[in-house]
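# Structural overview for review
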Amino acid sequence: MDCARRSIGQMDFAPSDRAAELITAVREFIDGEVMPVERAVLAHHDELLGARAGTTAELWKVPPELDTLKAKARAAGLWNLFLPDPELGGGLSNSEYAPLAEQMGRSLFAPTVFNCNAPDSGNMEVLHRYGSQEQKEVWLEPLLEGDIRSAFCMTEPDVASSDATNMAATAVVEGDEVVINGRKWWSTGVGHPDCKVIIFMGLTDPDAHRYARHSMVLVPMDTPGVTIDRMLPTMGFYDEPGGHGVVSFDNVRLPVDAFIAGPGKGFEIAQGRLGPGRVHHAMRLIGLAEVALEHACRRGLERTAFGKPLVNLGGNRERIADARIAINQTRLLVLHAAWLLDTVGIMGALSAVSEIKVAAPNMAQRIIDMAIQIHGGGGLSNDFPLAAAWVNARALRLADGPDEVHRGVVARIELAKYASE
């Protein structure tokens, strides 16, 4: 560790007293309240699909049980835990929140139940840090209350969005208006019945510095010119009731105060948003991998083939051991990134944040795949949560930047240490 890192103190991965209490409370709430409801809702969903009785509209309804769970979580003080502002959220550091994100990653429903789900949590962070007072009153407050949902529109179908400077969709100032045109996809959350606002990122000034050309704009869903063209399946999963959609913006006109922090601030906002968000993603993936390993161990002990438990066949014990090692390694890597964010900020944590963005989904994908293999044909079905978990991990190797981009960041920072020699 170099002098700069030594000077900021020793890493301590032990949770604070408050974080430890919350970890226990969140885990108990998920096991006792969320998981029974989740299993029942998913079983009903599968019945609709199996009977071919469910239309898209029926499948996109919000399960009523979800509102009951959200009310219980809020009453228990387990609400908006991601937000570091103690008056509006949990008041936790990145290091304190990370283990809570891991627990939430064990369940498909849990992040929403605690109002800590993407993209809403990231959008709330943007509004909290960069939004005007009016924007906070109109959009942040109902998001914090859980009354509405939101979406984030950045990726585009017609350009290589791994390079965000390729964005072709525009947000151009015309007098006292901003005019938006373009097409976005993988816009998570747009299918939700309660989605009321989009944060749109587009090109404002093509002649400015490459990191000052783009802006973020708040776009109400009911604005004329906003159209959801279709919802996108991710390897067959629609992730309803939120889902991911293709959205067209055709001469959408809004007042200039719809800009967040002003024109040309898009990349500055994105830089501040993505560090904590990637910690959240990575820790949820660790929770997902833990669940997959649990399923693999139980299946391996309970099922017999060729006269032996499955764990005693085909090197499965070694695979289980490697899975435990990989989960523990990745958890420490993510906690290190969270600690750096807390102590030196995003610029000092750039490499670490990119490292976890590569490591966590790849680790989770490998472990989930191993669990699927131990389950045989059942692992490919919806009788177990493994197929959906694998798709989630695979998708996150692309979301928030593909593996190759993050490896490029890590390599650039590493090579810069030796550039002057």
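Remember, predicted model here, so these are calculated numbers, not experimental data.

### Section: the pattern of salt bridges
The final tally for this structure, using the stated rule, is 16 salt bridges. A salt bridge links Lys-265 to Glu-268; the shortest N-O distance between them is 3.7 Å. Classification of Lys-265 by relative accessible area gives partly exposed; the value is 33%. Residue class for Glu-268 comes out partly exposed when judged on its relative accessible area of 45%. A salt bridge links Arg-397 to Asp-403; the shortest N-O distance between them is 2.8 Å. There is no split in this pair, since Arg-397 and Asp-403 are both buried.

### What to know about the environment of Ala-98
Here Ala-98 shows up in helix α5 (residues 94-104). A relative accessible area of 1% places Ala-98 in the buried class. As a C-alpha pair, Ala-98 and Ala-76 span 22 residues in sequence and 20 Å in three-dimensional space. When residues no more than four places from it in sequence are discounted, the contact partners of Ala-98 are Val-279, Met-283 and Leu-335.

### A look at the packing of helix α7 (residues 120-130) against helix α8 (residues 133-145)
Two numbers describe how α7 lies on α8: the axes approach to 10 Å, and their chain directions differ by 145 degrees. Of the two elements, α7 crosses α8, and the hand of that crossing is left-handed. Across the interface between the two elements, Asp-120, Met-124, Leu-127 and His-128 of α7 pack against Gln-135, Lys-136, Trp-139, Leu-140, Leu-143 and Leu-144 of α8. Partitioned by chemical class, the residues of the contact of α7 with α8 number six nonpolar, two polar and two charged.

### A few points about the UniProt feature "domain: Acyl-CoA dehydrogenase/oxidase C-terminal" (unreviewed entry) in the protein
In the numbering used here, UniProt assigns the "domain: Acyl-CoA dehydrogenase/oxidase C-terminal" (unreviewed entry) feature to residues 264-412. For residues 264-412, helix accounts for 74% and strand for 3%, while the C-alpha atoms at its two ends are 26 Å apart.

### Side note on the UniProt feature "domain: Acyl-CoA oxidase/dehydrogenase middle" (unreviewed entry) in the protein
UniProt marks residues 151-252 with the feature "domain: Acyl-CoA oxidase/dehydrogenase middle" (unreviewed entry), using the numbering shown here. Between the end C-alpha atoms of residues 151-252 there is a gap of 16 Å, over a span that is 0% helix and 51% strand.

### Details of the packing of helix α10 (residues 316-343) against helix α11 (residues 350-375)
α11 packs onto α10 with a crossing angle of 155 degrees between their chain directions and a minimal axis gap of 9 Å. The orientation of α10 relative to α11 falls into the category roughly antiparallel. Here α10 runs over α11; the crossing is left-handed. A breakdown of the residues in the contact of α10 with α11 according to their chemical character gives 18 nonpolar, three polar and two charged.

### Re the nonpolar core
Here is a general trend for soluble globular proteins: nonpolar side chains tend to be buried in one another's company. In this structure, Phe-114 and Ile-367 are the most contacted members of the largest nonpolar core, which totals 89 residues. Once you skip the residues sitting within four places of it in the chain, Phe-114 turns out to touch Val-26, Phe-29, Ile-30, Ala-73, Leu-78, Trp-79, Asn-80 and Met-104. Within the second largest apolar cluster, 22 residues are counted, among which are Ile-198, Val-217, Met-221 and Val-226.

### What about a nonpolar patch on the surface?
Taken together, Met-11, Phe-13 and Leu-332 make up a surface patch of nonpolar side chains, about 260 Å² in accessible area. Note on placement: Leu-332 falls in helix α10.

### Some words on the confidence of the model for the protein
Interpreting fine coordinate detail is not advised for predicted regions of low pLDDT. Considering every residue of the protein, the mean pLDDT works out to 92; 94% of them sit at 70 or more. The model gives residues 1-7 a pLDDT under 50, and that stretch makes six contacts with residues more than four places away or in other chains.

### Section: a negative patch on the surface
Side chains of Glu-134, Glu-137, Glu-141 and Asp-257 sit close together on the surface and give a patch of like negative charge. Within the fold, Glu-141 resides in helix α8.

About the cut-offs
- Residues numbered from 1 in each chain as written.
- Predicted model: local features only at pLDDT ≥ 70, side-chain atom pairs only at ≥ 80, totals over all residues.
- Heavy atoms only, no water.
- Salt bridge = Lys/Arg side-chain N within 4 Å of Asp/Glu carboxyl O.
- Buried < 20%, exposed > 50% of the residue type's maximum accessible area, 1.4 Å probe, protein only.
- Helix = DSSP H or I, 4+ residues; strand = E, 2+ residues; numbered from the N terminus.
- Contact = heavy atoms within 4.5 Å.
- Axes fitted to C-alpha atoms, helices over the stretch in contact; angles between N-to-C directions.
- Left-handed = near helix turned anticlockwise from the far one by under 90°.
- Nonpolar A, V, L, I, M, F, W, Y, C, P; charged D, E, K, R; others polar.
- UniProt positions renumbered as here; feature names shortened; annotations may be inferred.
- Parallel < 35°, antiparallel > 145°, perpendicular 65-115°, else oblique.
- Core = buried A, V, L, I, M, F, W, Y, C linked by side-chain atoms within 4.5 Å.
- Patch = residues over 30% accessible without salt bridge, like charges linked within 9 Å, V, L, I, M, F, W, Y side chains within 5 Å.
- Areas by Shrake-Rupley, 256 points an atom, 1.4 Å probe, with all protein chains shown as cover.
- pLDDT = per-residue confidence, 0-100.
- Lys, Arg positive; Asp, Glu negative; His and termini not counted.
- Charge placed at Lys NZ, Arg CZ, Asp CG, Glu CD.

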